[in-house]
Amino acid sequence: MVTASTEPVAAEATASDESLVRLEGIRKHFPVYRGNLLRRMTGTVKAVDGISIKIMPGQTYSLVGESGCGKTTTSRMVLMADRPTEGSIYFDNRPMNRFSGAERRNFKASVQAVFQDPWSSLNPRMRVDQIISEPLVTHRSLSRAEVRSQVQELLQVVGLHPFHAERYPHEFSGGQRQRIAIARALSTRPKLIVLDEPVSALDVSIRAQILNLLKELQSTYNLSYLLIAHNLATVRYMSHTVGVMYLGKIVEESPPAELFTNAQHPYTRALISASLPAHPRQRREEIVLAGEVPSPLNPPGGCTFHPRCPFVMERCSVDIPLLKAYSSGHMTACHLYEDGVPVAG
């Protein structure tokens with residue numbers, strides 16, 4: 001079970017915590033500068049503003065929300081591509097900012113990524129065997145024969161053939177390229193794979209094949225996924241827990257079955273309303289949000305969603321709502337619900 005928390009950041013991870021990755025009170029702020037010769041800081045972009053999540057072994061945690069809400073920045077911090085401005089990230093109950101050299105090398109082998117665009121994520125000058133074997137050579141001591149055997153095995157695991165190893169990326173379709181990217185990510189036997197929009201650049205007819213492959217691999221290798229996605233159908237199919245982000249904060253978190261049938265936060269309900277229904281005859285609530293997403297450089301006070309919320313109350317512009325349990329495993333940050341109980345009127 002994946003949960004979110006609004007508690008203060010703990011000084012050390014507890015030995016009893018079973019999560020693979022834990023983010024506690026994470027913030028990522030980017031300074032904004034003006035001027036060329038005399039540069040001065042004029043503000044701060046709050047890309048991620050105090051989120052706490054857990055990714056459990058063998059499960060998928062999905063982050064959804066509009067562009068610019070902080071999903072990709074969160075994934076970059078999990079990958080150690082960016083350092084958080086504040087807060088702590090734990091991997092196997094060890095704080096990542098205290099990793100030794102050996103722990104950092106082990107982490108880089110244990111956490112891999114599959115990116116959105118299979119046309120740009122693969123080096124066009126390298127053959128498939130070189131693309132897949134590069135992480136193997138970097139992180140493991142294997143002979144040439146062992147590397148060749150591993151590459152052929154990985155190609156078969158993702159639904160390709162060993163003879164594909166001698167070809168270049170331009171000789172493959174988009175779906176096949178994404179299979180190669182998945183094989184590369186699997187090569188180091190990772191515990192976690194960050195999936196950044198893994199099927200959004202593919203034809204609709206291919207998407208289901210790749211998603212089914214990812215689910216099969218998760219079951220076979222007990223993989224954890226951090227899934228970044230806009231497509232709610234993908235999220236519903238892949239996830240064990242969904243976190244909805246808005247302007248750097250998680251506004252709702254729930255298992256997908258509960259979220260898609262009983263969403264509580266007005267923003268989540270608007271996202272679901274805007275998505276395509278599972279069946280043409282399915283009726284759903286139509287919610288049209290006013291205005292645009294505010295700038296993270298100057299977010300609104302109180303609840304950051306209040307300028308667009310159709311249920312806005314006076315207190316929404318003043319008080320910041322906390323992420324509270326609405327029901328078992330379902331958390332919402334909204335003043336419409338106090339201690340899990342809808343506010344009358």
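From a predicted model like this one, the values you see are computed outputs, not experimental measurements.

Enquirer: Hey, could you run me through the overall build of the protein in this one?
Expert: In terms of helices and strands, the protein carries nine helices and 14 strands. Whereas a compact globule of 345 residues would reach a radius of gyration of roughly 20 Å, the protein reaches 21 Å, a difference of no more than 12%. Dimensions of the protein, computed from the C-alpha atoms along their principal axes, are close to 70 × 55 × 50 Å. Buried residues in the protein amount to 48% of all 345 residues. Residue pairs at least 24 apart in sequence account for 64% of intrachain contacts in the protein once pairs closer than 6 positions are excluded. Of the roughly 17400 Å² of accessible surface on the protein, a fraction of 50% belongs to carbon and sulfur atoms. Measuring between centres, the 38 positive side-chain charges of the protein sit 6 Å from its 32 negative side-chain charges.

Enquirer: Would you take a moment to explain the state of the cysteines for this structure?
Expert: What makes a disulfide is a covalent bond joining the sulfur atoms belonging to two cysteines. Taken as a whole and assessed by the stated rule, the structure comprises zero disulfides. Free cysteine Cys-309: the closest other cysteine sulfur is in Cys-334, separated by 6.1 Å. With a relative accessible area of 14%, Cys-309 lands in the buried category. The closest cysteine sulfur to the non-disulfide-bonded Cys-316 is located on Cys-303, 6.0 Å from its own sulfur.

Enquirer: How should I be thinking about the packing of aromatic side chains in this particular structure?
Expert: In this description, a pair of aromatic rings is defined by centroid distance and the angle of the planes. Throughout the structure, instances matching the rule amount to five aromatic pairs. Judged by centre distance (5.2 Å) and plane angle (90 degrees), the rings of Phe-91 and Phe-107 are edge-to-face. With Phe-91 in strand β4 (residues 86-91) and Phe-107 in helix α2 (residues 101-110), this residue pair connects regions lying 16 residues apart in the sequence. The pair formed by Phe-91 and Phe-107 is uniform in burial state, with each residue classed as buried. An aromatic cluster is present here, built from Phe-91, Phe-99 and Phe-107 joined pairwise through their rings. The aromatic ring of Tyr-90 is capped on one face by Arg-22, whose charged end is 4.3 Å from the ring centroid. Between Lys-215 and the ring centre of Tyr-237, over which it is positioned, the NZ or CZ distance is 4.5 Å.

Enquirer: What is the right way to read the sheet that holds strand β3 (residues 60-64) from this model?
Expert: Across a sheet, paired strands are connected by hydrogen bonds in the backbone, their directions being either parallel or antiparallel. Across the sheet, eight strands lie side by side as β6-β7-β8-β3-β9-β10-β12-β11; this open sheet has mixed pairing. Looking along the sheet, the strands with just one partner apiece sit at the ends: β6 (111-114) and β11 (324-327). Pairs of neighbouring strands in the sheet enclose a mean axial angle of 25 degrees, with direction left out of account. Packing against the sheet, helix α5 (residues 174-186) makes contact with β6 and β7 (192-196), and its axis sits at approximately 175 degrees to β6.

Enquirer: Which parts of the structure should I look at to understand the pattern of salt bridges?
Expert: Summed over the entire model, instances satisfying the criterion amount to 11 salt bridges. With its nearest N and O atoms 3.3 Å apart, the salt bridge here joins Arg-27 to Glu-86. Of the two residues, Arg-27 sits in strand β1 (residues 21-34) while Glu-86 sits in strand β4, which places them 59 residues apart along the sequence. With a relative accessible area of 26%, Arg-27 lands in the partly exposed category. We note a salt bridge from Lys-249 to Asp-49, for which the minimum N-O separation is 3.3 Å. Of this pair, Lys-249 sits in strand β10 (residues 249-254) while Asp-49 sits in strand β2 (residues 40-55), and the two are 200 residues apart along the sequence. You can call Lys-249 partly exposed: its relative accessible area is 21%.

Enquirer: How should the pairing of β1 be read in this particular structure?
Expert: The side chains of a regular strand alternate between both faces of the sheet. Inspection of the sheet shows β1 paired to β4 by five bridges, in the antiparallel sense. Across the sheet, residue Leu-23 finds its bridge partner in β4, namely Ile-89. Two strands pair when backbone bridges link them, and β1 and β2 are joined in this way by 12 bridges, in the antiparallel orientation. Of the residues in β2, the one forming a bridge with Ile-26 is Ile-51. In sequence, β1 turns back onto β2 through a hairpin of five residues, with Gly-35 there showing a positive phi of about 95 degrees.

Basis of the calculations
- Residues numbered from 1 in each chain as written.
- Predicted model: local features only at pLDDT ≥ 70, side-chain atom pairs only at ≥ 80, totals over all residues.
- Heavy atoms only, no water.
- Helix = DSSP H or I, 4+ residues; strand = E, 2+ residues; numbered from the N terminus.
- Rg over C-alpha atoms; globule rule 2.2 N^0.38 Å.
- Buried < 20%, exposed > 50% of the residue type's maximum accessible area, 1.4 Å probe, protein only.
- Contact = heavy atoms within 4.5 Å.
- Areas by Shrake-Rupley, 256 points an atom, 1.4 Å probe, with all protein chains shown as cover.
- Lys, Arg positive; Asp, Glu negative; His and termini not counted.
- Charge placed at Lys NZ, Arg CZ, Asp CG, Glu CD.
- Disulfide = S-S within 2.5 Å.
- Phe/Tyr/Trp six-rings, centres within 6.5 Å; stacked < 30°, edge-to-face > 60°.
- Lys NZ or Arg CZ within 6 Å of the ring centre and 35° of its normal.
- Pairing = 2+ DSSP bridges.
- Axes fitted to C-alpha atoms, helices over the stretch in contact; angles between N-to-C directions.
- Salt bridge = Lys/Arg side-chain N within 4 Å of Asp/Glu carboxyl O.

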